[in-house]
Amino acid sequence: MLVPYRNTFRRTLCRNVASLSLTVACLGATRPAYALKSASHDAAPNQLATQVNDDRMTLSMARVPQVYLYGPIDIDAPHRFEALMKSGKIPTGSDIYLNSPGGSVDAGMALGRLFRQGSMVTHLGTPRLPKGSKTIVNKSAICEGACAYAYLGGLYRWAASGSDRIGFPTYPAQRAPEQVDAYLKDMGIDSAALAAVSATGAADPALWPNADEMIAKGLANNGRLNLVATYKFMQDAPYLELKQDDRNGEHKITFLCKPGGAELTTYDTIGTVRARETVARTTHSYFEINQQETLPQQAGATAVDQSVVLQRIYPLDQLQRVASAQAMGAWVRDRTGLRYGFAFEVGGVRKVLNDFYNACSLATQQHS
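Residues numbered from 1 in each chain as written. Predicted model: local features only at pLDDT ≥ 70, side-chain atom pairs only at ≥ 80, totals over all residues. Heavy atoms only, no water.

Caption draft 1: Focus on the overall build of the protein chain. Of the regular secondary structure elements, the protein chain holds 10 helices and 20 strands. Evaluated residue by residue, the protein chain yields a buried proportion of 49% over its 368 residues. Restricting to contacts in the protein chain with at least 6 residues of sequence separation, those with at least 24 account for 67%. About 17200 Å² of surface is accessible on the protein chain, with carbon and sulfur atoms providing 52% of the total. (Helix = DSSP H or I, 4+ residues; strand = E, 2+ residues; numbered from the N terminus. Buried < 20%, exposed > 50% of the residue type's maximum accessible area, 1.4 Å probe, protein only. Contact = heavy atoms within 4.5 Å. Areas by Shrake-Rupley, 256 points an atom, 1.4 Å probe, with all protein chains shown as cover.)

Caption draft 2: A look at the pairing of strand 15 (residues 282–289). Burial analysis of strand 15 places 6 of its 8 residues in the buried class, the great majority of the element. As paired elements, strand 15 and strand 19 (residues 327–334) share 7 bridges and run antiparallel to each other. Looking at the pairing, Ile289 lines up with Met328 of strand 19. In the sheet, strand 15 pairs with strand 16 (residues 292–298) via 5 bridges, with the strands oriented antiparallel. By the bridge assignment for strand 16, Glu288 is matched with Glu293. Taken together, strand 15 and the strand that follows it, strand 16, pair antiparallel across an intervening segment of 2 residues, in which Asn290 is found at a positive phi of about 50 degrees. (Pairing = 2+ DSSP bridges.)

Caption draft 3: Molecular detail of the pattern of salt bridges. In total, this model carries 11 salt bridges according to the counting rule given. For Arg339, the salt bridge identified is with Glu288, shortest N-O distance 3.3 Å. With Arg339 in strand 20 (residues 339–345) and Glu288 in strand 15, this pair connects stretches of sequence that are 51 residues apart. We note that Arg339, like Glu288, is buried. For the salt bridge of Glu293 with Arg333, the shortest nitrogen-to-oxygen distance reads 3.0 Å. Highlighted residues: Glu293 in strand 16 and Arg333 in strand 19, separated in sequence by 40 residues. You can call Glu293 partly exposed: its relative accessible area is 40%. We classify Arg333 as partly exposed; its relative accessible area is 26%. (Salt bridge = Lys/Arg side-chain N within 4 Å of Asp/Glu carboxyl O.)

Caption draft 4: A look at unusual backbone geometry. Positive phi, normally seen in glycine, also occurs at Asn222, with a value near 45 degrees. Mapped onto the fold, Asn222 is located in the loop between helix 7 (211–216) and strand 11 (227–234). One non-glycine residue, Gln291, adopts positive backbone phi at about 65 degrees. Mapped onto the elements of the fold, Gln291 is located in the loop between strand 15 and strand 16. Given a relative accessible area of 42%, Gln291 falls into the partly exposed group.

Caption draft 5: A look at the sheet that holds strand 15. Spatially, 16-15-19-20 is the arrangement adopted by the 4 strands of the open sheet, whose pairing is antiparallel. Each edge of the open sheet is held by one strand with a lone partner, namely strand 16 and strand 20. Here the strands of the sheet are splayed against their neighbours by 15 degrees on average, with no regard to which way each runs. Docked against the sheet, helix 8 (residues 272–281) engages strand 15, strand 19 and strand 20, running at close to 105 degrees with respect to strand 15. (Axes fitted to C-alpha atoms, helices over the stretch in contact; angles between N-to-C directions.)

Caption draft 6: The arrangement of the sheet that holds strand 10 (residues 206–207) in detail. In spatial order, the strands read 7-9-10; together these 3 strands make up an open sheet with mixed pairing. Two strands bound the open sheet, and with one partner strand each, they are strand 7 (142–144) and strand 10. Bridge count between strand 7 and strand 9 (residues 165–169): 3 bridges; the pairing is parallel. The partner of Ile142 across the bridge, within strand 9, is Arg165.

Caption draft 7: Geometry of the packing of aromatic side chains. Scanning the model with the defined rule gives 10 aromatic pairs in all. When the centroid spacing of 6.1 Å and the interplanar angle of 80 degrees are considered together, the rings of Phe255 and Phe287 count as edge-to-face. Residue Phe255 is found in strand 13 (residues 249–256), and its partner Phe287 is found in strand 15; the two are separated by 32 residues along the sequence. One aromatic cluster in this structure is built from Phe255, Phe287, Tyr314 and Phe356. (Phe/Tyr/Trp six-rings, centres within 6.5 Å; stacked < 30°, edge-to-face > 60°.)

Caption draft 8: The packing of helix 3 (residues 77–87) against helix 4 (residues 105–117), seen in detail. Interaxial distance between helix 3 and helix 4 falls to 8 Å at its minimum, and their mutual angle equals 20 degrees. In this view, helix 3 runs roughly parallel relative to helix 4, as classed from their interaxial angle. Regarding helix 3 and helix 4, the two cross each other, and that crossing is right-handed. Of helix 4, the residues touching helix 3 (which contributes Ala77, Pro78, Phe81, Glu82 and Met85) are Ala107, Ala110, Leu111, Leu114, Phe115 and Gln117. The residue inventory of the contact of helix 3 with helix 4, partitioned by class, reads 9 nonpolar, 1 polar and 1 charged. (Parallel < 35°, antiparallel > 145°, perpendicular 65-115°, else oblique. Left-handed = near helix turned anticlockwise from the far one by under 90°. Nonpolar A, V, L, I, M, F, W, Y, C, P; charged D, E, K, R; others polar.)

Caption draft 9: Expanded view of the state of the cysteines. Tallied over the full model, the rule gives 2 disulfides. Between the sulfur atoms of Cys143 and its disulfide mate Cys147 the distance is 2.0 Å. The S-S bond linking Cys143 to Cys147 shows a torsion near -110 degrees; that makes this disulfide left-handed. Classification of Cys147 as buried rests on a relative accessible area of 0%. (Disulfide = S-S within 2.5 Å.)

Bear in mind that shape data such as this cannot, by itself, settle questions of function.
Structural data, given as structure tokens:
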């Protein structure tokens, strides 16, 4: 059984996981002057302009360039962007910051497809232009119409925050242009999420959701893809797998039911070098349920291929906690007290958790 679940978990326990992304986002507002030496293109007033920040500090913090696209989206914008991708100036996984009043819908969707092709991350944001630039950019970003379609192309999409705003075109039920409907399906967006009704009951020309609404409607995912829960039998025993990808890697928790206790294994797949470095610094590790330490150990983490791995035996008499959990995670701490790991919300896959718990309870009773 596969159950996709859109994660909306944004509590304190995720801050360390998201700290890199948050730092990257802050760089857009606080980067020093030398960051502006990166590639910049002052387009004509009716064209989309591009600024690529790939200075040493940006790359040391974000590991990828920050790309600012601002101004009207003209029909040739996707071709210029694709050329920068092919040249290597805008590599896979780059952070894309958008600020545009709209423009060509076809061009906006073409940009979105390029973003998805390159597994890029979309945000709203405004560049700090170099001295002498004739382009005028507001401090708050607005992304409307064609820009909003481009935004949806991000594999990971950060919701609008602060005074930034994003406006999605809306259409009467089942009357969106065919190419728009096809694009939304390709991007995994439910077209019903773009339905907006005014106080008078008439359809609004644009939907301006806040951050919470963007998450709830699936328009933004704040750096995380859907949590996938799998329940099946493995080695003739009930098996539960919870897996989620985010821009920092893949994160997985598995339980294999055994008479002596469920075998619990967690995987934080972050790359071979980072996994080894993290394990080398580890002085404490633990599983986590509902933000509470569970099964702590001194050290207790290993590096396996590209993953930081924790292995425990979870007591069967406590398995009800797993079935009723709202959140789970796995963490390690170093000597300074900093922790590294992941957590995700599991309340949306309650049925799968209960199916595993009931099957494991029945299986252990039969073997007792």
